[in-house]
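# Report on the structure
Residues per chain are reported as follows:
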Amino acid sequence: MRNIQSLFKILISFCFFLFLSIGFESCKPTTTIQAGWPTITRETKPWTRWWWHGNAQTKEGITAEMEAYQKAGLGGLEITPIYGVRGYEDKFVDYLSPQWMELFLHTLKEAERLDLGIDMATGTGWPFGGPWVSDEDACKNLNYKIYEVKSGSTLNEKIEFIQPPYLRAVGNQIYEVHQSFSTEKTVAIGTTKEPLMRLDAKTIDIKDLLVQPISANKNLQALAFDQVIFERPLALQTLVAFSDNGVAINLTDKVDAAGKLHWVALKGNWKLYAVFEGWHGKMVERAGPGGEGNVIDHFSKEALQHYLNRFDSAFAGKDIQSLRAFFNDSYEVDDARGASDWTRSLFDEFKKRRGYDLKDHLPALFGNDNDEKNKRILCDYRETISEMVLDNFTQPWKVWAHSKSAIVRNQAHGAPSNILDLYATVDIPEIEGVEPLRIKMASSAGNVTGKRLVSSESATWLNEHFESNLSEIKVALDRFMVNGVNHLFYHGTSYSPQDEPWPGWLFYAAVHLNPRNSLWNDFDALNSYAARCQSFLQNSTPDNDVLLYYPIYDRFSTFGPEMVEHFDGIGKQFDSTAFKRAAEIMLKKGYAFDYISDKQIGNIVWENDQLKTEGNSNYKTILLPKSQYIPLKTFQTIISLAKMGATIIALDGLPISVSGYGNFLENEKVFNEVLDKLAEGNQAESGIKEINIGKGRVIVGNDLNALLSYASIRKENMVTNGIQFIRKKESDDRSIYFLVNSMKETFEGWLPLQTKAMSVVIYNPMNGEFGKGRFRSGENGVNEVYVQLTPEQSLIIEIHQREVQATPFHYYSTTGVSVPLIGKWRITFTSGGPKLPAAVEKDTLASWTNFGVTDYASFSGTATYTLSFMKPTQAVGHWMLDLGKVKESAEVYLNGENLGTLIGPVYQLQIDNALLQENNKLEIKVSNLMANRIADLDRRNIFWRKFYNVNFPARKNENRKNGLFDASHWMPKESGLLGPVLLEGMKSKGDF
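A quick note: this is a predicted structure, and the numbers were derived from the prediction, not measured. Within each chain, residue numbers correspond to sequence positions counted from 1 in written order. Residues qualify for local features only when their pLDDT is at least 70, as the model is predicted, and side-chain atom pairs are given and counted only at 80 or more; totals for whole chains, interfaces and linings, by contrast, use all residues. With hydrogens and water set aside, each side-chain value is computed from the structure's full complement of heavy atoms.

## Considering the overall build of the protein chain
Here a helix means four or more residues in a row that DSSP labels H or I, a strand means two or more in a row labelled E, and each is numbered from the N terminus. When helices and strands are tallied, the protein chain shows 21 helices and 57 strands. Radius of gyration (C-alpha) of the protein chain: 33 Å, near the 30 Å computed for a compact globule of 992 residues. Expressed along its principal axes, the backbone C-alpha trace of the protein chain runs to roughly 110 × 110 × 55 Å. Looking at the 992 residues of the protein chain, the share that counts as buried comes to 59%. Of the contacts made within the protein chain by residues no fewer than 6 positions apart, 77% connect residues no fewer than 24 positions apart. Separation of charge centres in the protein chain, based on 106 positive and 119 negative side chains, amounts to 2 Å. It is over C-alpha atoms that the radius of gyration is taken, and the globule rule equals 2.2 Å times the number of residues to the power 0.38. We call a residue buried when its accessible area falls under 20% of the maximum for its residue type, exposed when it is over 50%, and partly exposed in between, using a 1.4 Å probe and counting protein chains only. Working rule for contacts: check all heavy atoms of both residues, and any pair within 4.5 Å makes them a contact. In this tally, Asp and Glu contribute negative charge and Lys and Arg positive charge; neither His nor the terminal groups of the chain are included. Working definition for charges: the position is that of NZ of Lys, CZ of Arg, CG of Asp or CD of Glu.

## Quick word on the packing of helix H2 (residues 59-71) against helix H3 (residues 98-114)
At a minimum axis separation of 10 Å, H2 and H3 run at an interaxial angle of 30°. By the angle class used here, H2 and H3 are roughly parallel. Where H2 crosses over H3, the two elements pack in a sense that is right-handed. Judged by residue contacts, Lys59, Ile62, Thr63, Met66, Glu67 and Gln70 of H2 engage Glu102, Leu103, His106, Thr107, Glu110, Ala111, Arg113 and Leu114 from H3. Within the contact of H2 with H3, the residues separate by chemical class into five nonpolar, four polar and five charged. Angles shown run from 0 to 180 degrees and are taken between the N-to-C directions of axes, each axis being a line fitted to C-alpha atoms and, for helices, limited to the stretch in contact. Geometric relationships in this document are graded by angle, where less than 35 degrees denotes roughly parallel, more than 145 denotes roughly antiparallel, 65 to 115 denotes roughly perpendicular, and other angles denote oblique. For any pair of crossing helices, the crossing counts as left-handed if the nearer helix is rotated counterclockwise from the farther one by less than a right angle, and right-handed if it is rotated clockwise. For this classification, Asp, Glu, Lys and Arg are treated as charged, while Ala, Val, Leu, Ile, Met, Phe, Trp, Tyr, Cys and Pro are nonpolar and the rest, including Gly, are polar.

## Considerations on the sheet that holds strand E42 (residues 794-800)
In this analysis, strands are considered paired if DSSP registers two or more bridges between them. With antiparallel pairing, six strands are arranged side by side in an open sheet as E22-E35-E36-E42-E38-E39. Only two strands of the sheet have a single partner each, and these edge strands are strand E22 (541-542) and strand E39 (770-773). Here eight bridges tie strand E35 (residues 723-731) to strand E36 (residues 734-741), and the two strands are oriented antiparallel to one another. Counted as the bridge partner of Lys729 is Ser735 from E36.

## Focus on helix H18 (residues 664-677)
Under the 1.5 Å per step criterion, the end-to-end length of H18 is 20 Å for 14 residues, consistent within 8% with the ideal 20 Å. Within H18 the residues assigned to the buried category are Phe664, Asn667, Glu668, Phe671, Val674 and Leu675. When H18 is viewed along its axis, its buried side chains cluster within an angular range of 120° and face the same direction. Seen from the open side of H18, the exposed residues pointing more than 90 degrees away from its buried face are Leu665, Glu666, Lys669, Asp676 and Lys677. Here the expected length of a helix is defined as 1.5 Å per residue gap, with one fewer gap than residues. Within this analysis, the arc is defined by the directions that extend from the helix axis to the C-beta atoms.

## Brief notes about the pattern of salt bridges
Each reported salt bridge corresponds to a side-chain nitrogen of Lys or Arg within 4 Å of a carboxyl oxygen of Asp or Glu. Under the defined criterion, the tally for this structure stands at 63 salt bridges. With its nearest N and O atoms 2.8 Å apart, the salt bridge here joins Arg353 to Asp391. Placement of the pair is Arg353 in helix H7 (residues 346-354) and Asp391 in helix H9 (residues 371-403), with a sequence separation of 38 residues. A relative accessible area of 23% places Asp391 in the partly exposed class. Its salt-bridge partner being Asp478, residue Lys474 comes within 2.5 Å of it at the nearest N-O pair. Taken as a pair, Lys474 and Asp478 lie in helix H12 (residues 470-482) at a separation of four residues, close to a single helical turn. Per residue, the accessibility class of Lys474 equals that of Asp478, and both read buried. One network of salt bridges, in which partners are shared, links Glu43, Arg49, Glu78, Asp119, Arg324, Asp329, Arg409, Glu430, Arg452 and Glu457.

## Section: the sheet that holds strand E13 (residues 235-243)
Taking strand neighbours across the sheet as the criterion, the four strands line up as E6-E15-E13-E14 in an open arrangement whose pairing is antiparallel. Pairing within the sheet leaves two strands with one partner each, and these edge strands are strand E6 (140-149) and strand E14 (248-250). On average, adjacent strands in this sheet sit at an angle of 20° to one another, irrespective of strand direction.

## With respect to the pairing of strand E28 (residues 621-625)
The element E28 is largely enclosed, with a buried count of five among its five residues. A two-sided burial pattern is seen for E28, the buried positions comprising Thr621, Leu623 and Pro625 on one face and Ile622 and Leu624 on the other.

## Here's the deal with the environment of Thr866
Within the secondary structure layout, Thr866 lies in strand E47 (residues 860-870). Look past the residues within four positions of Thr866 in its chain and what remains in contact with it is Lys824, Trp825, Arg826, Lys921, Leu922 and Glu923.

## Quick notes on the environment of Tyr619
Among the structural elements, Tyr619 can be located in strand E27 (residues 618-619). Residues Tyr619 and Phe829, 210 residues apart in the sequence, show an inter-C-alpha distance of 57 Å. Beyond its immediate sequence surroundings of up to four residues, Tyr619 is in contact with Asn447, Val448, Asn544, Asp545, Val546, Leu547, Asp594, Gln610, Leu611 and Thr613. Definition of a polar contact: a pair of N or O atoms within 3.5 Å, with one able to donate and the other able to accept a hydrogen when the atoms are protein atoms, and with sequence-neighbouring residues admitted only if both atoms are side-chain atoms. A distance of 2.7 Å separates a polar atom in the side chain of Tyr619 from a polar atom in the side chain of Asp594.

## So, the packing of aromatic side chains
Between 30 and 60 degrees the pair is tilted, below 30 it is stacked and above 60 it is edge-to-face, where a pair is any two Phe, Tyr or Trp rings, Trp via its six-membered ring, whose centres lie within 6.5 Å. This model, assessed by the stated rule, comprises 67 aromatic pairs. When the centroid spacing of 6.5 Å and the interplanar angle of 75° are considered together, the rings of Trp825 and Tyr865 count as edge-to-face. Placement of the pair is Trp825 in strand E45 (residues 825-833) and Tyr865 in strand E47, with a sequence separation of 40 residues. As far as burial versus exposure is concerned, Trp825 and Tyr865 are alike and both buried. A ring is scored as having a charge over it whenever the NZ atom of a lysine or the CZ atom of an arginine sits within 6 Å of its centre and within 35 degrees of its normal. The aromatic ring of Trp279 is capped on one face by Arg232, whose charged end is 3.8 Å from the ring centroid. In this structure, Arg409 packs its charged tip against the face of Phe327, placed 4.0 Å from the ring centre.

## Remarks on the confidence of the model for the protein chain
Per-residue confidence for the protein chain averages 92 on the pLDDT scale, and 93% of its residues sit at or above 70. Along the chain, pLDDT gives the predictor's confidence residue by residue, from 0 to 100. The low-confidence segment residues 1-30, where pLDDT is below 50, has zero contacts with residues more than four positions distant or belonging to other chains. Here residues 172-196 scores under 50 on pLDDT; set against residues more than four positions off or in separate chains, the count is 62 contacts.

## A few points about the nonpolar core
Residues enter a nonpolar core if they are buried and are Ala, Val, Leu, Ile, Met, Phe, Trp, Tyr or Cys, with the set joined through side-chain atoms within 4.5 Å. The biggest cluster of nonpolar side chains holds 237 residues, and the ones touching the most others in it are Leu272 and Tyr381. Here the element with the most residues in this core is H9; it accounts for twelve residues. For Leu272, the residues in contact, after removing those within four places along its chain, are Lys145, Ile146, Tyr147, Val149, Leu155, Leu239, Val240, Ala241, Leu251, Leu261 and Trp263.

## With respect to the environment of His298
Here His298 lies in the loop between strand E16 (294-295) and helix H6 (301-315). Overall, the relative accessible area of 3% leaves His298 in the buried class. Separated by 23 residues in the primary sequence, His298 and Gln321 have C-alpha atoms spaced 27 Å apart. Residues contacting His298, with those up to four places away along its chain left out, are Pro127, Tyr331, Val333, Met388, Val389, Asn392 and Phe393.

Below you can see the structure in the form of structure tokens.
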């Protein structure tokens, strides 16, 4: 009885505390999550590269252009001065001159008024360089000679290296006007009104026409040099004798000023390696006035500081606080003959960084020792070059910018470096290129190191000139965003004077997004779309699972045609590697991953059963693709993380050896000891070996899908339906997916999501609609969301682990009712040229180029299509207005109300039946491409390709004439509303 009473008391107490617990829980404040778009800011809007041709701007022109950009929905501008325009020579302004600074300061002031952000390139054109870059600070190359001397002999041959002359210029794409190409030996002919195309590429004799330094030459805009190397003797850097029995003697101090070696060879046969400092000769590409000249030595901190001193002088006493960022438009010193692979401090830097003297191993550096030593010495040399770009250029440039209260935006591609580290060190990493695995180089570095913004040079050379519509540009933007970019920069927009004849000033590798473009009226629709997307993507963090190791030391150890190798992404240099195969498989199969460098691996910690990077991003595993070489420190760190609990995936096996030559034997011994401990393991599954280490494990196999599955790594199976995605986190209980239907067909159905959910909100970034989506728990407890995606459409799916407040998202299905909108269409041409065609009335829709008069065939601009129609008699709650075929974009009005702008490829709008009146007026403002008007100019031989330097080349061979773009052979491209235009009956999709 006593026991029963005791149990009863315990039960009463338990119930009492349970009641209190429930009561306290119910008293907690409950926050209702309100769905809605994040705030749109100037950074969430897309920006554009703003080319200043010849710096021939006026303050009034700058203001007018900026007001147009702001009205079109751009958030900011990056100023990049480039080559000038023919006929405006008297208006050219030298870069960083007092007059240029007046224009720049006016731009900053107007940007504040218009709430536009401003970045500026740290130079004109690209790469960094200019007339103030002396030979001392210019990029250099390594030259060497080998001499042979036998025992007891002296070398009679002079120790010298005469660098041969070389010149490369854009000489076949220049008009001869204004005598801008005249020299003492050639007299230019032609005028601006009657230009003469240079059909022959006149040879410039570097000995007769050019003087040193390059900045002392006239007509640099017209000469358009890419690379200039003057013939001259090169300074000896070192001379080391190597005997056939392995003895090395430094003989540098035994060479007199005339190049005579005062040394008698000791016993044995000797090879003498002489290293000379040469000039690479790279010039600033597409330079603006006052910016022509040598490219800097990117490996020299002193050269960079001397270069930046010019900016310090120009900025002195000026208020540039509203400037957001300085920009570096890629390394691209490699875009020339030969490579820049030397700097004066290289031997000292090498010894400091690698711990031994490179001069003692010159035969191996040049590939003349045994194969293994050759690779290891080359690896250490290239690693040193890689570090010097980071430590002597990228980081000091950032520090300098920060001293100006600005940040830096950097394109790292093309550098002879581990570009992941270059991207990681700057404030905004920026990618150029369209391949997803290349785009992920910048976004991975941003994700791993916690950058808020990752930018892209977007839509460069997207198509042939004047053939890209807004839909195609959207596809290009989506490709960037779905691969991790959240700060889009168009490529781009040229300043043009307000009174300049159409098409105004243009850049040769662009989609020409400026107010002269006939699609400009609808450009704001694309910008609003991008801004909505980026409002989510900028306010979220990565939610990727896999860190894919970037095995750059295999490339550092591989000989090629040049002493250094340049890196852009995963190109042919990584063909047939486990690394490239892993990246391609994960992208295709729906695994979310980022690349990671050795330096970044060193900053990982194991915390809360996850791999936490320096940017506070969490990952599930490190994927180590089979490599020949890996730094000992990197391998030890990876194994240490496994001991703490991490899962490491080794695809095709573990690395074979340590990288480099410094402390090689000692490092290799330690490395092999670690490998020996990993030799034992259990055969976990078919083809998978599991090695338990401390609290974690290393799993090894050749089937990546099996390995990832065994490691319980999430796979987003939506990719099998052609749906591309990026998955991110907004908070601990809220995630987002950005989805893009990459297929040419509509997708409708349930999409599985590898994220827990209690509720889902769907956002349509094209029209701004959003609502609570339908989701369910599918097979194996995986959440699924129901979506309807037309071809190339995108959606944002917001996943909540709490209940969210929002109206339901609208799903529609057809009722089978279809009402063709027929009648007499009135077509009025409202803006564009070369002149406005007469208004017409048509019973049947067709391209306006078929209207039978030249005025229509050559017209580029906007036409308004107007149709009156009676309200359909069918009882339908909603209608879908389907415009059919449109060339190229359309702004739709119904009874005076703006329903939205459609940019394609699907031209459909949902209309509530209540918007229809008994008698209705439909207005559709359609804009076409610039192409037809450009072709008309070329057929009439109108002079508009009048730009210095590269002028205006074509992208496609069939559009080249005399080396330049020419559209005179183009047939008129379809334009306008082609239809058929229908009202399709729709109904809300019921339970499913």
